[in-house]
Amino acid sequence: MTADLGSPTVTAVEAYPIGQAATTAQPDLTAQPDLTVQPDLTAQPDRTVQPDSSRSLLVLAAVTAERDPILLNEVMSEAALQTRVDRKFLLAPDELARLAASLGQDFRALEIGTRRVFEYESVYFDTPELEQFRAHRQGRRRRFKVRTRTYVNSGLCMFEVKFKGHRGETVKHRMPYRMQDSSGLTEAAEEFLAAQLEADYGQTLPILEPSLSTDYTRGTLVNPLTRERLTCDVDLVFGNLDRTVRAPDLVVVETKTMDGFGVADQALAAMGIRPVSMSKYCLGIALLHPDLPANRWNRLLRDSFGWCRELPGQAGQGH
């Protein structure tokens, strides 16, 4: 499966371990995270995968089950990438199986408790006019993305902000968040975002509201020798207050490497699979709002997601 060629994303990350708990409404942003913290999932049996699960989830479960495990603290200490190159790919389930078979045994599967596939929920925030979606669609240099991310199986949550840096890199800022606040912005989150907006862009905080929710299941492969990571997301569901859209049975694969030319990148190139320019947020907004122009994602949306632009006067006619 091929799609439009996508440019790599260079990301600088403030590292917090997966699922670090928020203990106060106002986090201490100067504190260093405890890299030994690891959610206890042993009391929760992994019921994510069932016989009637999607083909992509069944393949992902098999791919992660057949590899040696790597624990979360090892991932953070050995394979954490503070500045990295990210590339996204869209694969059919059988292509994921072929990719995994070509990677060799240096790639290990992230395991927490007894789990190797994990459920994620994200809530994105934008202005009522979807200004940040429009900024991404138009490729503006000064743009940002705001979301909460909930690690469902551990019941923990993070608040995250992504900015486009001066050299085109993506800079991510994160802070622990309370799970019960995941669908909204707390005063602490607004202060955190306002400070980052002022520091990065010299802008004031706009009015933001929940604009999109995404649910998906993820497995992660890590090569600690090359500091390379491979995330595989399946069963994507996009929603807002008005409707829900379930994505086709595909796998969103993202490679995270030091230079964009990791083992997985080379294996995908050998398979004839090219990177795509996409984000879950922009795809979700386009699918939920077919009346909005999607410009740079038109071909990907049409070919892989069955999307069709809804012209004025066509509202509700089968989209």
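Residues numbered from 1 in each chain as written. Predicted model: local features only at pLDDT ≥ 70, side-chain atom pairs only at ≥ 80, totals over all residues. Heavy atoms only, no water.

### Structural notes on the overall build of the protein chain
Our working definition: Secondary structure elements are defined from DSSP: runs of H or I of at least 4 residues count as helices, runs of E of at least 2 residues count as strands, and each element is numbered from the N terminus. Buried, partly exposed and exposed residues are distinguished by accessible area as a fraction of the type maximum, computed with a 1.4 Å probe on protein chains only: under 20%, between the cut-offs, and over 50%, respectively. We call two residues in contact whenever any of their non-hydrogen atoms come within 4.5 Å of each other. Every accessible area reported is derived by Shrake-Rupley at a probe size of 1.4 Å, with residue values counting cover from the shown protein chains alone.
A tally of helices and strands in the protein chain yields eight helices and twelve strands. In the protein chain, which comprises 319 residues, the proportion classed as buried is 52%. Contacts in the protein chain between residues at least 24 apart in sequence constitute 70% of all its contacts with a sequence separation of at least 6. On the protein chain, roughly 14,400 Å² of surface is accessible, and the fraction owed to carbon and sulfur atoms is 49%.

### Details of the pattern of salt bridges
Cut-off, in case you're wondering: Salt-bridge detection follows one rule: a side-chain nitrogen of Lys or Arg within 4 Å of a carboxyl oxygen of Asp or Glu.
Per the stated rule, a full pass over the model turns up 13 salt bridges. Note that Asp265 is salt-bridged to Arg87, the shortest N-O span being 3.9 Å. Here the residue Asp265 occupies a position in helix H6 (residues 263-270), and Arg87 occupies one in strand E3 (residues 83-91), the gap between them amounting to 178 residues. The residues Asp265 and Arg87 share a single accessibility class, namely buried. A salt bridge links Glu111 to Arg116, with the shortest nitrogen-to-oxygen separation between them at 2.9 Å. Classification of Arg116 as buried rests on a relative accessible area of 15%.

### Observations concerning the side chain of Ser56
Applied cut-off: Contacts described as polar in this section are N or O atom pairs within 3.5 Å, which, within protein, must combine one atom able to donate a hydrogen with one able to accept it, while residues neighboring in sequence count only if both atoms come from side chains.
Note that Ser56 resides in helix H1 (residues 55-65). Residue Ser56 is classed as buried on the basis of its relative accessible area of 0%. A polar atom in the side chain of Ser56 sits 3.2 Å from the side chain of Ser54. Looking at Ser56, its side chain comes within polar contact range of the side chain of Asp249, at 2.5 Å. Excluding residues within four positions of it along the chain, Ser56 makes contact with Pro93, Val234, Asp235, Asp249, Leu250 and Val251.

### Describing helix H7 (residues 280-288)
Most of H7 is tucked away: nine of the nine residues are buried. Among the residues of H7, Lys280, Tyr281, Cys282, Leu283, Gly284, Ile285, Ala286, Leu287 and Leu288 are the ones counted as buried.

### Digging into the confidence of the model for the protein chain
The test is simple: The predictor attaches a confidence to each residue, and that confidence, scored 0 to 100, is pLDDT.
Scored by pLDDT, the protein chain has a mean of 83; 79% of the residues are at 70 or more. The model gives residues 13-45 a pLDDT under 50, and that stretch makes 69 contacts with residues more than four places away or in other chains.

### Digging into the packing of H7 against helix H8 (residues 298-305)
For clarity, the threshold we go by: Angles shown run from 0 to 180 degrees and are taken between the N-to-C directions of axes, each axis being a line fitted to C-alpha atoms and, for helices, limited to the stretch in contact. Put simply, angles under 35 degrees are roughly parallel, angles over 145 are roughly antiparallel, angles from 65 to 115 are roughly perpendicular, and the rest are oblique. Only Asp, Glu, Lys and Arg are considered charged, only Ala, Val, Leu, Ile, Met, Phe, Trp, Tyr, Cys and Pro nonpolar, and every remaining residue, Gly among them, polar.
Contact pair H7 / H8: the axes reach a minimum separation of 11 Å and the direction vectors enclose 70°. Judged by the inter-axis angle, H7 sits roughly perpendicular to H8. Contacts between H7 and H8 involve Leu283, Ala286 and Leu287 from the first element and Leu300, Leu301 and Phe305 from the second. Grouping the amino acids of the contact of H7 with H8 by side-chain chemistry returns six nonpolar, no polar and no charged.

### Considering the layout of surface pockets
Let me state the cut-off plainly: Only protein atoms enter the 1 Å grid used here. Points where a 1.4 Å probe fits but cannot escape make up a cavity, open sets with protein on both sides within 12 Å along at least five of seven lines make up a pocket, and a residue lines them when an atom lies within 4 Å of a point. Grid points are joined across faces, edges and corners, and a volume is the space filled by probe spheres set on the points.
Roughly 290 Å³ of internal volume is contained in the second largest pocket. Taken together, 15 residues make up the lining of the second largest pocket; nearest its centre are Pro210, Ser211, Leu212, Asn240 and Leu241. Partitioning the lining of the second largest pocket into residue classes produces six nonpolar, seven polar and two charged.

### What to know about the nonpolar core
Inclusion rule: The set of buried Ala, Val, Leu, Ile, Met, Phe, Trp, Tyr and Cys residues whose side-chain atoms join them within 4.5 Å is what this entry labels a nonpolar core.
Phe133, Tyr281 and Leu301 are the most contacted members of the largest nonpolar core, which totals 39 residues. Elements supplying a minimum of two residues to this core: helix H2 (72-78), strand E5 (118-126), strand E9 (209-223), strand E10 (228-239), H7 and H8. The biggest single contributor to this core is H7, with seven residues. Beyond its immediate chain neighbours, meaning those up to four positions away, Tyr281 contacts Tyr124, Asp126, Leu130, Phe133, Lys145, Ser211 and Leu212. By size, the runner-up hydrophobic cluster in this structure holds 23 residues, among which are Leu96, Leu99, Leu103 and Cys232.

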